Amino acid sequence: MIKPITFKAFAITNEIDLNKIAIYCGIPKKFTWEEPLILKSDLLETTLKQKVDSSQQVQIFSFGSIVFINFTDSTEILDILIFLQSFEKDINLNDFDRYSDDYCLHVRESEELELNDEFVVVPAFENYYPELISTVLAKSVALEKTEEQLGTILDKLENMVDRLEKGKLRIGNKELARTTAKIVRHEYNTLSYIMILDKPDITWTSSTAGDFYDKMFEFFELNDRYKILKSKTEILYSIMDGFSNISHSIRGLFVEWIIVLLIVFEIILTLLELAGVIHKG
């Protein structure tokens, strides 16, 4: 019987440059967004500067997630994160497990495929299982991170709505620009960079791999969560358009009042000049 394979996934930042790490590790390959950089065997031993079990590996994803396979020592995990921090300075080591998930793969010959919140059971081991499970977990924790960031943006908009309700109608261009930039960044991180709908290459060449990935994908509700985030993003844009229109209308009204006051002032000056001429006459 094959020992259970454990997975620990973390979303530690928004982006990781895999090619910088690959160059440092001497990996002669150009990485694209669709594939993880995998550290195992000699590469893992070089990074940790100690012997590692042959079953251990680390899968690093460009969208800021990392998955540790068969790691039980928290010190080893921290050492890898310190190594990654030398490439991505914004990794917060004090809060690295804020967005995380643990999972396990069991191989039991007498049983059929079974999925639940803590583990998956398969009747036979396939080499693609670790990559597919890691990919789903990596996307799931990255979505969790983005979902919380969306909550922060919604809180900001709620404050702006409260100000409108209190009659404070003016919203500065800088504030509008900053909030819009956060929404655009959220959309980029979620809809573009995490690439929720993209599948690993093995799923296109192996129907069994594709079926397994689809079942994992559906169980973790990645598609539903993606749709909810996309819908909320569209709502955010709609709200920002409303704020922008209100702000521009107020500015336009202000300019119109200035023009009216200038016209009135000019009329008064003209009348005063006429009065002076009549008085002299």
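Residues numbered from 1 in each chain as written. Predicted model: local features only at pLDDT ≥ 70, side-chain atom pairs only at ≥ 80, totals over all residues. Heavy atoms only, no water.

Examining the overall build of the chain
Looking only at helices and strands, the chain has eight helices and seven strands in total. In the chain, which comprises 281 residues, the proportion classed as buried is 40%. Long-range contacts, defined as pairs at least 24 residues apart, comprise 66% of the intrachain contacts of the chain with a sequence gap of at least 6. Accessible surface, the chain as shown: approximately 16,300 Å² in total, 55% of it carbon and sulfur. (Helix = DSSP H or I, 4+ residues; strand = E, 2+ residues; numbered from the N terminus. Buried < 20%, exposed > 50% of the residue type's maximum accessible area, 1.4 Å probe, protein only. Contact = heavy atoms within 4.5 Å. Areas by Shrake-Rupley, 256 points an atom, 1.4 Å probe, with all protein chains shown as cover.)

So, the environment of Leu105
Mapped onto the elements of the fold, Leu105 is located in strand β5 (residues 100-107). Sequence separation between Leu105 and Phe119 is 14 residues; the distance between their C-alpha atoms is 5.7 Å.

Brief notes about the pairing of strand β2 (residues 37-40)
If a strand is regular, its side chains alternate between the two faces of the sheet. Of the two faces of β2, the one holding Leu37 and Leu39 is buried and the one holding Ile38 and Lys40 is not buried anywhere. Bridge count between β2 and strand β3 (residues 57-60): four bridges; the pairing is antiparallel. Note on β3: the bridge partner recorded for Lys40 is Gln57. (Pairing = 2+ DSSP bridges.)

Here we look at the sheet that holds strand β7 (residues 119-122)
If you walk across this open sheet you meet the seven strands as β2-β3-β4-β1-β5-β7-β6, and the pairing is mixed. The open sheet is flanked by β2 and β6 (114-115), the only strands paired with a single partner. Here four bridges tie β3 to strand β4 (residues 65-69), and the two strands are oriented antiparallel to one another. The residue bridging Ile60 from the neighbouring strand is Ile66, located in β4. Contacting β2 and β3, helix α2 (residues 41-48) runs over the sheet at an angle of about 75° to β2. (Axes fitted to C-alpha atoms, helices over the stretch in contact; angles between N-to-C directions.)

Regarding the packing of α2 against helix α3 (residues 74-85)
As a packed pair, α2 and α3 sit with axes 9 Å apart at the nearest point and diverge in direction by 85°. As judged from the angle between their axes, α2 and α3 are roughly perpendicular. For the pair α2 and α3, the contacting residues are Leu44, Thr47 and Leu48 in the first and Glu76, Asp79, Ile80 and Phe83 in the second. Among the residues making up the contact of α2 with α3, the classes are represented as four nonpolar, one polar and two charged. (Parallel < 35°, antiparallel > 145°, perpendicular 65-115°, else oblique. Nonpolar A, V, L, I, M, F, W, Y, C, P; charged D, E, K, R; others polar.)

So, the pattern of salt bridges
According to the stated counting rule, one finds seven salt bridges in the structure shown. Residue Glu147 is joined to Arg225 by a salt bridge in which the shortest nitrogen-to-oxygen separation is 3.0 Å. A residue pair is termed long-range when its members are at least 10 positions apart, and Glu147 in helix α4 (residues 129-165) and Arg225 in helix α8 (residues 222-280) qualify at 78 residues. Through salt bridges with shared partners, a single network forms among Asp95, Arg98 and Glu148. (Salt bridge = Lys/Arg side-chain N within 4 Å of Asp/Glu carboxyl O.)

Details of the nonpolar core
Grouped together as the largest cluster of nonpolar side chains are 37 residues, with contacts concentrated most on Phe7, Tyr103, Leu105, Ile133 and Phe212. Going through the elements one at a time, β1 (5-11), β4, β5, β7, α4, α7 (207-219) and α8 are the ones with two or more residues in this core. Considering each element in turn, this core owes the most residues, 11 residues, to α4. Look past the residues within four positions of Phe7 in its chain and what remains in contact with it is Val67, Phe68, Ile69, Asp101, Asp102, Tyr103, Cys104, Leu105, Pro130, Ile133, Ser134 and Leu137. (Core = buried A, V, L, I, M, F, W, Y, C linked by side-chain atoms within 4.5 Å.)

Remarks on helix α1 (residues 18-25)
Burial in α1 covers these residues: Leu18, Asn19, Ile21, Ala22 and Cys25. Each buried residue of α1 lies within a common arc of 160° when the element is viewed along its axis, so the set occupies one face. When the buried face of α1 is taken as reference, the exposed residues oriented beyond 90 degrees from it are Ile23 and Tyr24. The inward-facing, buried residues of α1 abut β2, α2, β3 and α3. The residue sitting at the N-terminus of α1 and contributing the capping side-chain oxygen is Asp17; that oxygen lies 3.1 Å from the backbone nitrogen of Asn19. Once α1 ends, the next one or two residues include Gly26, with phi positive near 75°. (Arc of directions from axis to C-beta. Polar contact = N/O pair within 3.5 Å; in protein donor to acceptor, adjacent residues only side chain to side chain.)

Some thoughts on the side chain of Ser65
As for its placement among the helices and strands, Ser65 is situated in strand β4. Relative accessible area serves as the criterion here: at 0%, Ser65 is assigned to the buried category. At 2.9 Å, the side chain of Ser65 forms a polar contact with the backbone oxygen of Ala138. Residue contacts for Ser65: discarding those within four places in its chain leaves Phe10, Ala11, Ile16, Gln59, Ile60, Ala138, Val141 and Ala142.

Shape is all these values report; function is a separate question.
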